[in-house]
Amino acid sequence: MSEQAATAATENPAGRGARAAARRMTAAHGAHLEAQVEAALHVRGAGTGREAGPGTGQGTGPGGGAGSGQYLDVDPFALGSLIVSVASLAWTIYQDLRTRAPSPSRSVIARRVRIELPADGRTAPEERDRIIDIVVEEVTRDAEDGTQG
């Protein structure tokens with residue numbers, strides 16, 4: 001993938017939303033979180049096939065099955081990968097729902113992310129839900145700001 005295509009892949013509401021969510025979660029997860037998200041965005045945008053997330057077979061432990069340690073405790077960038085995965089899925093769902101309604105509800109998007117993104121079994125459900133809510137809020141805010149400007 002060219003550098004221009006890699007930049008385009010991370011300069012959309014998913015990439016900007018992931019960055020904004022990382023900034024919001026830095027106090028709880030440490031200053032390194034923003035760098036983790038940038039690294040995960042770079043890997044995803046570069047099209048290396050190393051993206052952690054559903055269907056990639058990466059970061060999933062033996063056998064590559066979903067839910068076997070997909071994000072946390074797999075590598076030092078696991079939380080960043082989770083944030084980027086949530087942002088990417090939220091953006092995809094947002095775009096899909098926009099074909100039916102001009103302003104999809106954040107709660108509907110978050111619910112679909114919770115259903116479609118396999119739990120890793122290591123992130124506490126409350127923490128996973130909090131991460132999803134923050135990321136969905138940032139992605140939809142960015143998308144809505146872009147359609148109004």
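What counts and what doesn't
Residues numbered from 1 in each chain as written. Predicted model: local features only at pLDDT ≥ 70, side-chain atom pairs only at ≥ 80, totals over all residues. Heavy atoms only, no water. Helix = DSSP H or I, 4+ residues; strand = E, 2+ residues; numbered from the N terminus. Buried < 20%, exposed > 50% of the residue type's maximum accessible area, 1.4 Å probe, protein only. Contact = heavy atoms within 4.5 Å. Areas by Shrake-Rupley, 256 points an atom, 1.4 Å probe, with all protein chains shown as cover. Expected span 1.5 Å × (residues − 1). Salt bridge = Lys/Arg side-chain N within 4 Å of Asp/Glu carboxyl O. Arc of directions from axis to C-beta. Core = buried A, V, L, I, M, F, W, Y, C linked by side-chain atoms within 4.5 Å. Axes fitted to C-alpha atoms, helices over the stretch in contact; angles between N-to-C directions. Parallel < 35°, antiparallel > 145°, perpendicular 65-115°, else oblique. Left-handed = near helix turned anticlockwise from the far one by under 90°.

## Overview of the overall build of the protein chain
- For the protein chain, the helix and strand inventory stands at 6 helices and 0 strands.
- Traced from its N-terminal end to its C-terminal end, the protein chain shows the element sequence α-α-α-α-α-α.
- Counting over 149 residues, the protein chain shows a buried share of 42%.
- Put simply, of all contacts in the protein chain between residues at least 6 apart along the chain, 62% involve residues at least 24 apart.
- Surface accessibility of the protein chain: about 7500 Å² in total, with carbon and sulfur atoms responsible for 52%.

## A word on helix H2 (residues 13-29)
- A rise of 1.5 Å per residue sets the reference length of H2, with its 17 residues, at 24 Å; its end C-alpha atoms lie 22 Å apart and thus fit the reference within 8%.
- Looking one or two places after H2, you find Gly30, whose phi comes out positive at around 100°.

## Brief notes about the pattern of salt bridges
- One pass over the structure, following the stated rule, counts 13 salt bridges.
- The partner of Asp133 in a salt bridge is Arg114, and the shortest N-O contact between them spans 2.5 Å. Pair noted here: Asp133 is in helix H6 (residues 125-148) and Arg114 is in helix H5 (residues 106-116), with a separation of 19 residues, a long-range link.
- For Arg141, the salt bridge goes to Glu137, with nearest N and O atoms at 2.6 Å. With Arg141 and Glu137 both in helix H6 and 4 residues apart, the pair spans about one turn of that helix.
- On the basis of relative accessibility, which here comes to 33%, the residue Arg141 falls in the partly exposed class.
- Assessed through its relative accessible area of 23%, Glu137 is described here as partly exposed.

## Here's the deal with H5
- Within H5 the residues assigned to the buried category are Ile109, Ala110 and Val113. Buried residues of H5, seen end-on, are gathered within an arc of 95° and therefore sit on one face of the element.

## Regarding the nonpolar core
- The biggest cluster of nonpolar side chains holds 32 residues, and the ones touching the most others in it are Met25, Val37, Ile83, Ile109, Val113 and Val135.
- Where this core is concerned, the elements lending two or more residues are H2, helix H3 (32-46), helix H4 (78-98), H5 and H6.
- With 12 residues, H4 is the single largest residue contributor to this core.
- Other than its neighbours up to four places away in sequence, Val135 contacts Ala21, Met25, Ile83, Val86 and Ala87.

## Observations regarding the packing of H2 against H4
- Where H2 meets H4, the closest approach of the two axes is 9 Å, and the angle between their N-to-C directions is 140°. As far as their axial angle goes, H4 and H2 are oblique. For the pair H2 and H4, the crossing hand works out as right-handed. Residues Pro13, Ala14, Ala18, Ala21, Met25 and His29 of H2 form the contact with H4, whose participating residues are Leu79, Ile83, Val84, Ala87, Ser88 and Trp91.

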